[in-house]
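The residues making up each chain are set out below.
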Amino acid sequence: MTTDAGQQWDAAAYGQRFGFVAQLAEDLVGLLDPQPGERIVDLGCGTGTLAAQIASRGADVLGIDADPAMIDAARAAYPTLRFEVVSAYDFTADAPLDAVFSNAALHWMTRPEDVLRRVAAALRPGGRFVAEMGGGRNTELVSAAIRDALARRGIPPERQARPWYFPTPAEYATLLERHGFEVRALWHFERFTPLAPGDHALADWLTMFASPFTGDLTAEDRAAFHAEVEDATRHALYVDGRWHVDYRRLRFVAVRI
Ligand SMILES: C[S@@+](CC[C@H](N)C(=O)[O-])C[C@H]1O[C@@H](n2cnc3c(N)ncnc32)[C@H](O)[C@@H]1O
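Residues numbered from 1 in each chain as written. Predicted model: local features only at pLDDT ≥ 70, side-chain atom pairs only at ≥ 80, totals over all residues. Heavy atoms only, no water.

Engineer: Any chance you could explain the overall build of the protein here in plain terms?
Structural biologist: Scanning the protein for helices and strands turns up eleven helices and eight strands. On C-alpha atoms alone, the protein measures out to a radius of gyration of 18 Å, which is about the 18 Å that the 2.2 N^0.38 rule sets for 257 residues. Taken along its principal axes, the extent of the C-alpha atoms in the protein is 50 × 40 × 35 Å. Per-residue burial for the protein yields a buried fraction of 51% across its 257 residues. A separation of at least 24 residues holds for 77% of the contacts in the protein among residues at least 6 apart in sequence. Roughly 11400 Å² of accessible area belongs to the protein as shown, and the carbon and sulfur atoms make up 51% of that amount. (Helix = DSSP H or I, 4+ residues; strand = E, 2+ residues; numbered from the N terminus. Rg over C-alpha atoms; globule rule 2.2 N^0.38 Å. Buried < 20%, exposed > 50% of the residue type's maximum accessible area, 1.4 Å probe, protein only. Contact = heavy atoms within 4.5 Å. Areas by Shrake-Rupley, 256 points an atom, 1.4 Å probe, with all protein chains shown as cover.)

And the structure:
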C-alpha cells in the first residue's frame, strides 16, 4: 500500500527490523504526558507501539494511519485498542481531542498545511500537539547519494521523487503559529542512528524507506543502486562495523490557542 509520497510500506518488516524508530521516541510519550481519560489521537501510528504506550497511561487512544497493512498489524498486536485506516488529510474528531501525538510520520505528508488544519480543528482550545519528525537536513548524506545515483541513471533532480518534507525549526514554528498554535518548545537535533547489525542494513533501510525513488528501476538495477549508495556513504555511515543513518529530528510541543 502506498501513502501520498508513493511510499510502499512493508508492515511486517517495519515491525521486525525498524522497531528502533518507535523506541527512540519513547521519551516523546513522556513529553506528551498523557493523563487518564484524555482523548488522544496517534497520527501515523504505524504498527501501534507508541499508541499502546500512551494507552498504558490510561488515556483513551485512537491510532490512525493511511496504510491498511500498518493498521492490520497494529490491531493484531494490540487487539483491545482502537485503530483506523484514515489519512491525516481527511482526519476529523467526533468530539474535541485533548492531544494529537505523532512520531516519524509528519515528514511523509508533503502537504503540511493541510495536515495542520486538520490537527488544529480536531483539538480543543488548550489541547496539545506533540510530535517528532525528520527536520531540516535529515538524512542529508543518504539523500545526496540517492540523488547522485539517480542522476547517473539520467534522472535529473527536477524529475526525482520528493517524498519527504524536512522543515527547519523556523519554517515549522511559523506554520504552527499560522494555524493557531502556541509553540511551547521545539528542538532540532542530530541523531546518528545505528541500524540493525549486518552488512545489508543500509540496503534494507533503503528498501523500507526510499522506495519512492526506485519505483522505476528493475530489481537488478535496484541492487546496483543500493550498492552505489553504500559506496558513496560508507566513509561516514559505516562506523565500528555497523551502518548508521544521519538522522536529524524536529520535535515540538505546541498548544492550540
Ligand atoms: C515511519 S512510520 C512511523 C510509525 C509510528 N508512528 C512509529 O513511530 O513507529 C510512518 C507512518 O506514517 C504513515 N503515514 C504516511 N502518510 C500518512 C498520511 N497521509 N496519513 C496517515 N498516515 C500516514 C505511514 O503509513 C506509516 O505508517
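Engineer: Looking at this structure, I do not really get the side chain of D42. What am I missing?
Structural biologist: Mapping D42 onto the fold places it in strand β1 (residues 39-43). Although D42 is buried, it makes no salt bridge; R82 carries the closest opposite charge, 12 Å away. A polar contact of 3.4 Å, which involves the side chain of D42, links it to the backbone nitrogen of A51. Discounting chain neighbours no more than four positions away, the residues touching D42 are L50, A51, L62, G63, I64, F101 and S102. (Lys, Arg positive; Asp, Glu negative; His and termini not counted. Salt bridge = Lys/Arg side-chain N within 4 Å of Asp/Glu carboxyl O. Polar contact = N/O pair within 3.5 Å; in protein donor to acceptor, adjacent residues only side chain to side chain.)

Engineer: Help me out: how do you make sense of the site of the ligand in this one?
Structural biologist: With respect to spatial proximity, 21 residues lie near the ligand, and among them Y14, G44, D65, A88 and N103 are the closest. Backbone polar atom of A88 to a nitrogen atom of the ligand: 2.8 Å apart, as the coordinates give it. In isolation the ligand offers 600 Å² of accessible surface; the protein chains occlude 98% of this area. Residues of the shell around the ligand, tallied by class, amount to 14 nonpolar, five polar and two charged. (Near = heavy atom within 4 Å. Nonpolar A, V, L, I, M, F, W, Y, C, P; charged D, E, K, R; others polar.)

Engineer: For this particular structure, what's the right way to read the nonpolar core?
Structural biologist: Soluble globular proteins: nonpolar side chains tend toward being buried together. Within the largest apolar cluster, 33 residues are counted, with the highest numbers of intra-cluster contacts made by I146, W205 and F209. Where this core is concerned, the elements lending two or more residues are α1 (11-17), α2 (20-23), α7 (140-152), α9 (201-209), α11 (219-237) and β8 (242-256). If one sorts the elements of this core by residue count, α9 sits on top with six residues. Grouped together as the second largest cluster of nonpolar side chains are 29 residues, F91, L116, F129 and Y165 included. (Core = buried A, V, L, I, M, F, W, Y, C linked by side-chain atoms within 4.5 Å.)

Engineer: Just checking my understanding: could you explain the side chain of T233 for this structure?
Structural biologist: Tracing the sequence through the fold places T233 in helix α11. Side-chain polar atoms of T233 contact the backbone oxygen of V229, separated by 2.8 Å. Those residues within four positions of T233 in sequence are excluded, and the remaining contacts are L141, V142, A145, L202, Y238 and W243.

Engineer: Teacher, can you tell me more about α7 here?
Structural biologist: Structural remark: α-helix, 3.6 residues per turn; residues separated by three or four positions point the same way. With 13 residues, α7 should reach 18 Å at 1.5 Å per residue; the first-to-last C-alpha distance of 18 Å fits that figure. All of the buried residues in α7 are V142, S143, A145, I146, A149 and L150. Within α7, the buried residues cover an arc of 160° as seen down the axis, which keeps them to one side. Where α7 is buried, its residues touch α9, α10 (211-214), α11 and β8. Once α7 ends, the next one or two residues include G154, with phi positive near 80°. (Expected span 1.5 Å × (residues − 1). Arc of directions from axis to C-beta.)

Engineer: When you look at unusual backbone geometry in this model, what are you seeing that I'm missing?
Structural biologist: Phi is mostly negative for residues that are not glycine, and the peptide bonds are mostly trans. Despite not being glycine, D33 has its phi angle at roughly 55°, a positive value. Within the secondary structure, D33 is located in the loop between α3 (26-32) and β1. Despite not being glycine, A104 has its phi angle at roughly 60°, a positive value. A residue is classified by how much of its surface remains accessible, and A104, at 15% relative accessible area, is buried.

Engineer: I keep staring at the packing of α7 against α11 and nothing clicks. Help me out?
Structural biologist: The relative placement of two packed helices comes down to the angle between their axes together with the axis-to-axis distance. Closest axis-to-axis distance for the α7/α11 pair is 9 Å, and the angle between their directions is 145°. The crossing of α7 and α11 is right-handed. Residues L141, V142, A145, I146, A149, L150 and R152 of α7 lie in contact with α11, whose contacting residues are F225, E228, V229, A232, T233, A236 and L237. Class assignment of the residues belonging to the contact of α7 with α11 gives a composition of eleven nonpolar, one polar and two charged. (Axes fitted to C-alpha atoms, helices over the stretch in contact; angles between N-to-C directions. Left-handed = near helix turned anticlockwise from the far one by under 90°.)

Worth remembering: the numbers are spatial, not functional.
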